[in-house]
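Given next are the chains, with one letter for each unit.
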Amino acid sequence: MVVPAQLTAEAVNQLREGIDLLLGRWSALQMAVQNEWGGRDTRQKVQQLAVDIYHWLIRPTEALYVDDLENVLDDFMLSLNTEIDDGSIEEIAENLMIMHEECLEGNFVSIERLRQSAPQNGATHRLQVVNGGEDDDTDSTSSSGDESMEMSDDLDPSPNMRDMTLHEPTRAPAPTVDADGWTVVSSRRNRGGGR
């Protein structure tokens, strides 16, 4: 029987901080927090997620599989009415597993890199926001999916909401009234110039 390695007290503190730092740089999660997609207590739910991940990683008797951690993260994001389809769940799960393994070895390099990494704005994640059974595609700001823990300084901490462009719906022209006082209703097919 193989006895699993135990985390030292320093490694426990480093792992907890590393989990918080990594989740804090996950742009999809941060968008969900900022927009309260999981309700008013979204921030508390995310804090509980960090605790749950920590407890999941330190389970002494069970083997840890990245697929199981991906399922935990995916289920959590779905609980925030957010479906992630950009590879970030897999990236975050892999980085958490690497971080845990390094902490078991007393190696805190990846956590130190997270501490020192400066926020950057990157490419685009593809999110689906699930509202009452309807799926709406939404773009958010984040990094591309090719980073690993060694490249953690490329992780995007949060979307820059000030740089996002909001598109207002085009307004219909004012109704036309004919000589008899009737309102003229145009066909939807004729809108947009196509006949």
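These notes cover the structure that comes with them. (Residues numbered from 1 in each chain as written. Predicted model: local features only at pLDDT ≥ 70, side-chain atom pairs only at ≥ 80, totals over all residues. Heavy atoms only, no water.)

**Comments concerning the overall build of the protein chain**
Working step 1: Helix and strand counts for the protein chain stand at six helices and five strands.
Working step 2: Along the protein chain, helices (α) and strands (β) appear in the sequence α-α-α-α-β-α-α-β-β-β-β when read from the amino end.
Working step 3: At a minimum sequence separation of 6, the contacts of the protein chain that also span at least 24 residues come to 67%.
Working step 4: As displayed, the protein chain offers around 12,300 Å² of accessible surface, 48% of which is attributable to carbon and sulfur atoms. (Helix = DSSP H or I, 4+ residues; strand = E, 2+ residues; numbered from the N terminus. Contact = heavy atoms within 4.5 Å. Areas by Shrake-Rupley, 256 points an atom, 1.4 Å probe, with all protein chains shown as cover.)

**Description of the pattern of salt bridges**
Working step 1: In this structure the tally under the stated criterion is three salt bridges.
Working step 2: Two residues, Lys45 and Asp41, come together in a salt bridge whose shortest N-O distance is 3.6 Å.
Working step 3: Within the structure, one salt-bridge network assembled from shared partners comprises Glu17, Glu112 and Arg115. (Salt bridge = Lys/Arg side-chain N within 4 Å of Asp/Glu carboxyl O.)

**Examining the packing of aromatic side chains**
Working step 1: Scanning all chains against the criterion turns up zero aromatic pairs.
Working step 2: Sitting over the ring of Tyr54, Arg16 keeps its end group 4.4 Å from the ring centre. (Phe/Tyr/Trp six-rings, centres within 6.5 Å; stacked < 30°, edge-to-face > 60°. Lys NZ or Arg CZ within 6 Å of the ring centre and 35° of its normal.)

**Structural notes on the packing of helix 1 (residues 9–24) against helix 3 (residues 42–57)**
Working step 1: Where helix 1 meets helix 3, the closest approach of the two axes is 10 Å, and the angle between their N-to-C directions is 135°. Taken together, the axes of helix 1 and helix 3 are oblique relative to one another. With respect to the hand of their crossing, helix 1 and helix 3 are arranged in right-handed fashion. Residues Val12, Leu15, Arg16, Ile19, Asp20 and Leu23 of helix 1 pack against Leu49, Ala50, Ile53, Tyr54 and Leu57 of helix 3.
Working step 2: Residues of the contact of helix 1 with helix 3, tallied by class, amount to nine nonpolar, no polar and two charged. (Axes fitted to C-alpha atoms, helices over the stretch in contact; angles between N-to-C directions. Parallel < 35°, antiparallel > 145°, perpendicular 65-115°, else oblique. Left-handed = near helix turned anticlockwise from the far one by under 90°. Nonpolar A, V, L, I, M, F, W, Y, C, P; charged D, E, K, R; others polar.)

**Digging into the environment of Glu90**
Working step 1: Its place among the elements puts Glu90 in helix 5 (residues 88–104).
Working step 2: Residue Glu90 is classed as partly exposed on the basis of its relative accessible area, which comes to 40%.
Working step 3: For the pair Glu90 and Asn71, spaced 19 residues apart in sequence, the C-alpha separation works out to 9.3 Å. (Buried < 20%, exposed > 50% of the residue type's maximum accessible area, 1.4 Å probe, protein only.)

**Comments concerning helix 2 (residues 27–34)**
Working step 1: Here helix 2 lies mainly inside the structure; seven of its eight residues are buried.
Working step 2: Every buried residue belonging to helix 2 is among Ser27, Ala28, Leu29, Gln30, Met31, Ala32 and Val33, and all of these are buried.
Working step 3: Glu36, located one to two residues past helix 2, shows a positive phi value of around 50°.

**Quick word on the environment of Thr82**
Working step 1: The topology assignment puts Thr82 in strand 1 (residues 82–84).
Working step 2: We classify Thr82 as buried; its relative accessible area is 0%.
Working step 3: The sequence separation of Thr82 and Ala32 amounts to 50 residues, and the corresponding C-alpha distance is 7.4 Å.
Working step 4: A polar contact is formed between the side chain of Thr82 and the backbone oxygen of Leu80, at a distance of 3.0 Å. (Polar contact = N/O pair within 3.5 Å; in protein donor to acceptor, adjacent residues only side chain to side chain.)

**Focus: the nonpolar core**
Across soluble globular proteins, you tend to see nonpolar side chains buried next to one another.
Working step 1: Counting 38 residues, the largest nonpolar core has Ile19, Leu23, Trp26, Ile53 and Leu73 as its most contacted members.
Working step 2: Elements represented by at least two residues in this core include exactly helix 1, helix 2, helix 3, helix 4 (66–79), helix 5 and helix 6 (109–116). (Core = buried A, V, L, I, M, F, W, Y, C linked by side-chain atoms within 4.5 Å.)

**Examining unusual backbone geometry**
Working step 1: At Glu36, a position not held by glycine, the phi torsion is positive, near 50°.
Working step 2: Considering the arrangement of structural elements, one finds Glu36 in the loop between helix 2 and helix 3.
Working step 3: Residue Glu36 is classed as partly exposed on the basis of its relative accessible area of 42%.

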